[in-house]
Amino acid sequence: MTDQKNSNRSSNLVNVGRITTVFGVKGWVKIHSETEPMENIFSYSPWWLKTRHGVKSVEVEDYRPHGKGLVALIKGVDDRDKAQELCQVTIAIERGQMAELDAGEYYWHQLEGLAVMTEFEGQVSRLGIVSRMLETGANDVLVVKGDSDSLDEKERLIPYIPGQFVKAVDLDAGEMRVDWDPEF
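The rules we used
- Residues numbered from 1 in each chain as written.
- Predicted model: local features only at pLDDT ≥ 70, side-chain atom pairs only at ≥ 80, totals over all residues.
- Heavy atoms only, no water.
- Core = buried A, V, L, I, M, F, W, Y, C linked by side-chain atoms within 4.5 Å.
- Buried < 20%, exposed > 50% of the residue type's maximum accessible area, 1.4 Å probe, protein only.
- Helix = DSSP H or I, 4+ residues; strand = E, 2+ residues; numbered from the N terminus.
- Contact = heavy atoms within 4.5 Å.
- 1 Å grid on protein atoms, 1.4 Å probe; cavity = no way out; pocket = protein on both sides within 12 Å on 5 of 7 lines; lining within 4 Å.
- Points joined across faces, edges and corners; volume = space filled by probe spheres on them.
- Nonpolar A, V, L, I, M, F, W, Y, C, P; charged D, E, K, R; others polar.
- Pairing = 2+ DSSP bridges.
- Axes fitted to C-alpha atoms, helices over the stretch in contact; angles between N-to-C directions.
- Phe/Tyr/Trp six-rings, centres within 6.5 Å; stacked < 30°, edge-to-face > 60°.
- Salt bridge = Lys/Arg side-chain N within 4 Å of Asp/Glu carboxyl O.

(A) Representation of the nonpolar core. Within the largest apolar cluster, 23 residues are counted, with the highest numbers of intra-cluster contacts made by Ile31, Ile41, Trp47 and Ile91. Only strand E2 (13-23), strand E3 (28-33), strand E4 (47-51), strand E7 (69-74) and strand E8 (89-94) provide two or more residues apiece to this core. With four residues, the single largest contributor to this core is E2. Leave out the neighbours within four places in its chain, and Trp47 touches Ile31, Ile41, Phe42, Lys56, Ser57, Val58, Val60, Ile74, Ile91, Ala92 and Ile93. Leu114, Ile158, Val178 and Trp180 belong to the second largest nonpolar core, which has 15 residues in total.

(B) Representation of the layout of surface pockets in the model. Estimates place the volume of the largest pocket at around 850 Å³. In terms of lining residues, the largest pocket is bounded by 25 residues, among which Glu34, Thr35, Glu36, Tyr107 and Trp108 are the most central. Contributions of two or more residues to the lining of the largest pocket are made by E2, E3, helix H3 (108-111) and strand E10 (123-135). Here the element with the most residues in the lining of the largest pocket is E2; it accounts for four residues. Grouping the constituent residues of the lining of the largest pocket by class yields eleven nonpolar, eight polar and six charged.

(C) Region of the structure containing the sheet that holds strand E9 (residues 115-120). The six strands are arranged E12-E11-E10-E9-E14-E13 in an open sheet whose pairing can be described as mixed. Unpaired on one side and paired on the other, strand E12 (155-159) and strand E13 (166-170) mark the two borders of the sheet. Each adjacent strand pair in this sheet contributes to an overall mean axis angle of 35 degrees, direction not counted. Here five bridges tie strand E11 (residues 140-145) to E12, and the two strands are oriented antiparallel to one another. The residue of E12 that forms the bridge with Val144 is Arg156.

(D) How the structure looks around the pairing of strand E5 (residues 54-58). Here E5 lies mainly inside the structure; five of its five residues are buried. As defined by bridge partners, E4 adjoins E5 across five bridges and the pair is classed as antiparallel. Directly across from Trp48, in E5, lies its bridge partner Ser57. The turn joining E4 and E5, which pair antiparallel and follow one another in sequence, is formed by two residues.

(E) Structural detail: the packing of aromatic side chains. Taken as a whole and judged by the stated rule, the model has four aromatic pairs. For the ring pair Phe42 and Tyr63, a centre distance of 3.9 Å and an interplane angle of 10 degrees mean the geometry is stacked. With Phe42 in the loop between E3 and E4 and Tyr63 in strand E6 (residues 60-66), this residue pair connects regions lying 21 residues apart in the sequence. Using a relative accessible area of 13% as the deciding quantity, one classes Phe42 as buried. Taking relative accessible area as the criterion, Tyr63 reaches 42% and is therefore assigned partly exposed. Ring pairs connect the aromatic residues Phe42, Trp47 and Tyr63, which therefore count as one cluster.

(F) Local environment of the pattern of salt bridges. Evaluated as defined, the whole model comprises six salt bridges. In this structure, Glu119 and Arg177 form a salt bridge, with 3.5 Å as the shortest nitrogen-oxygen distance. Remark: Arg177 occurs in strand E14 (residues 175-178) and Glu119 occurs in strand E9; sequence separation between them is 58 residues. Among the salt bridges present, the one from Arg177 reaches Glu175, with a minimum N-O distance of 3.3 Å. By relative accessible area, Arg177 is classed as partly exposed at 25%. With relative accessibility at 23%, the residue Glu175 sits in the partly exposed group. Members of the salt-bridge network, linked through shared partners, are Glu119, Glu175 and Arg177.

So this is what it looks like as structure tokens:
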């Protein structure tokens, strides 16, 4: 494992999963993946683990599906005690490793942090900032949190449905335009 406490490195990272707990006694760990499909997390290398002591680069030695989840063996981690030190640690990758998307498609991390402006019944109002995304099955949902520049401090859940509710995304301007009643 290589220690890396460089803030430039951290700002270039995208969270893709988490090490949740140990699996067995030989250093294996359970992995929660935020990639789609979940096995895609293993197509990235190296992983950057965001520990309380800084960011560490690791390589995956082996992995496999286990039940409805995944387990992995990290190089240099060969017993349960070493594996325990990695539990509840976020797994990140460098942004440059992510595939280019087609026009109009976005990764969740690109939408998080955007200012949300609504154009409802001829009025333009700021609703807040996309704080996170939720996967509901039917469609993804934007969690928009009011801030000091928005019309109120409310948290709103807005379905991420381009064309219907989401009218435009401008990553360069850091803004998303939606058609959403500010009363909801």
